Each structure stands twice: as C-alpha cells, then as structure tokens.
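Letter by letter, the chains look like this.
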Amino acid sequence: MINSHIIQLLAPKIQTFPSGKEFIYLVGPIKLPVNLDGETKTFQWYSWMKSDKAMESGELIESLAEAELAERQQSSVLVYGDFAEAQEALIRMHSICHTGDIFGSKRCDCGFQLEQSMKMIAAHGAGALFYLANHEGRGIGLFSKAMAYILQEEGLDTVDANLQLGFTDDARNYDDAIAVLRALRSAPVTLITNNPRKLAALQEAGLNVGGRVPLWGDRSAFNEKYLQTKVNRSGHLAESDGWAGAETLLPHAQG
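So, here is what we can say about the structure in this document. (Residues numbered from 1 in each chain as written. Predicted model: local features only at pLDDT ≥ 70, side-chain atom pairs only at ≥ 80, totals over all residues. Heavy atoms only, no water.)

Remarks on the overall build of the protein chain
- Looking only at helices and strands, one finds 10 helices and 8 strands in the protein chain.
- The C-alpha atoms of the protein chain give 19 Å as radius of gyration, which agrees with the globular expectation for 255 residues (18 Å, within 12%).
- Its C-alpha atoms put the protein chain at 55 × 40 × 40 Å along the principal axes.
- Relative to its 255 residues, the protein chain shows a buried fraction of 47%.
- Sequence-distant contacts, at least 24 apart, represent 68% of the contacts inside the protein chain between residues at least 6 apart.
- Within the structure as shown, the protein chain displays about 12900 Å² of accessible surface, and the carbon and sulfur contribution to it stands at 53%.
- Put simply, the protein chain has 23 plus and 31 minus side-chain charges, and the middle of one group is 3 Å from the middle of the other. (Helix = DSSP H or I, 4+ residues; strand = E, 2+ residues; numbered from the N terminus. Rg over C-alpha atoms; globule rule 2.2 N^0.38 Å. Buried < 20%, exposed > 50% of the residue type's maximum accessible area, 1.4 Å probe, protein only. Contact = heavy atoms within 4.5 Å. Areas by Shrake-Rupley, 256 points an atom, 1.4 Å probe, with all protein chains shown as cover. Lys, Arg positive; Asp, Glu negative; His and termini not counted. Charge placed at Lys NZ, Arg CZ, Asp CG, Glu CD.)

Details of the side chain of R92
- Relative to the assigned elements, R92 resides in strand β5 (residues 90-95).
- D109 is the oppositely charged side chain nearest to the buried, salt-bridge-free R92, at an N-O distance of 6.8 Å.
- Side chain to side chain, R92 and H94 meet in a polar contact 3.4 Å long.
- A polar contact of 3.3 Å, which involves the side chain of R92, links it to the backbone oxygen of I192.
- Among all residues touching R92, those that are not within four sequence positions of it are Q113, S117, A128, L129, F130, I192, T193, K198 and L215. (Salt bridge = Lys/Arg side-chain N within 4 Å of Asp/Glu carboxyl O. Polar contact = N/O pair within 3.5 Å; in protein donor to acceptor, adjacent residues only side chain to side chain.)

Considering the state of the cysteines
- Under the criterion given, the structure shown has 0 disulfides.
- Of all cysteine sulfurs, the one in C108 lies closest to C97, which takes part in no disulfide; the gap is 3.7 Å.
- On the basis of relative accessibility, which here comes to 4%, the residue C97 falls in the buried class.
- Free cysteine C108: the closest other cysteine sulfur is in C110, separated by 3.5 Å.
- By relative accessible area, which is 2% here, C108 ends up buried. (Disulfide = S-S within 2.5 Å.)

Describing the nonpolar core
- Judged by nonpolar contacts, the single largest core of 30 residues is most densely connected at W48, V77, I91, M93, F130 and V180.
- Secondary-structure elements contributing two or more residues to this core are β2 (22-36), β3 (39-51), β4 (75-80), β5, β6 (127-132), α8 (175-184), β7 (189-192) and α9 (196-204).
- With 6 residues, α8 is the largest single contributor of residues to this core.
- Sequence-distant contacts of M93, defined by excluding residues within four places in its chain, comprise F130, L132, Y174, A177, L181, L191, K198 and L202.
- Judged by nonpolar contacts, the second largest core, of 17 residues, contains F43, L78, L114 and M120. (Core = buried A, V, L, I, M, F, W, Y, C linked by side-chain atoms within 4.5 Å.)

This is the structure we're talking about:
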C-alpha cells in the first residue's frame, strides 16, 4: 500500500479526462529547467498515459508499480510561459525520433527540429512542445524503423520503405495530444510544422489554429533525399509555401 501522505501529495497534480472510450491521466506541472545554447529556460513538464479504466488518483498511484509502464512509452508536453492565458501561443507536435533526438543522427532533421522549436517557443514567451512517444518512424515503432533504415540503405526512400514493410506512409494519430491540448488551453494556437496533415488533424478536431510557422534547417548530404521525399511524396510544405500568413508571426524563426 502506498502511504496516504504520498497520495495526498500527488493527487492534486493529476488530471483525468476521456479520450474516445479510454481515459487520459495527465500529471504535472513539474518545473523542468532546460539548457538551450548555454542559457537555462524553465519549462513546465507534464506526462500522460492512457487506460481503458476510470480510476481515482489514489487507485492510479497504487497501480503504477504493477503496470510495467517502462515497457510502454508515455508521451509528454513541455509548457512555457502562461500557456493557458497568453493571447498568442506556439505549439509543436513533435514525433519521437530515437536516433535523431537522442543520438543526433544526421539521417533526418528531427533533433534539429526538437531543439529549434523549444528555442522558438521560449523566444515567443508562451507555448507548448508535445513529445509524442508512439510516433517513432511515423508510427511504425523503433524496431520496424531499423528495418526501414536497412531498406533505405538499399535505395528505397522513406515512404517506400514503410510501404514495403506493410505499413502506411504515415500511421501517426494526434487524438490524445489534441485532448491534452484542450485540457491546457482553449485559445487559438499557432503550429510549428511543415506537415499539412498535422494542421488538418487539429482543424478537423475543431481547434482554433491561428497559423503555421515553418521549421526547415540542418540540411546536409546525409538527409537531402529524406527532406526532398517529405515534400515530393509526403506532402510537406516547402520552405517557400505559406499558410494563413503565419510567416509574419515569427519571421526570424524560419530555421
């Protein structure tokens, strides 16, 4: 049994809300000082998990040790400034990339986009970075991504590699992140992305998306084909493409 005092400390930090037929448990905020180019910026960190069971906070806390959560990755969100009330706020829906975000792989631009979007949010003064743990390899998982990388080394592009393994080009789903966003902010947001599918997901959910900020950069010989495939086959908006005039919001944040 968990000590009742521990439950009393943790329970106020837990929010519960439905997502379809399941429930999302959001824990936070937690102060998280982050090093951005030698300067410390303090974000507020949240993490969430899903369950098909509705639980009180005490029951949820009691269940953690038996839930084997380390075997299943959970997503999280970094919030900066007065995200709930600020007139304008930037958000980034960032898909986890084990190789790019952690190891600094140059095969993609994910690590660059992760760090750059955090800088953009901090510079803007209010925003949130959603780190989506079930999006590895556009939703195919890390092990399958490793096999897709082998196929890419044999000449296939990122889209064909996923298709040849039996997956769709992009299997990512944003429903849970959208539910968490609704819980944290009701005012309009501006999305940091090059991907119109992310824009569409938010708009189709009825969210008020006030614009888009592009995020291109870190081009190299190692990822040039990858970046071109994003535009030519996955429909990503090229650097010169605008949407809703959002480029005027943060003209310095082009990446």
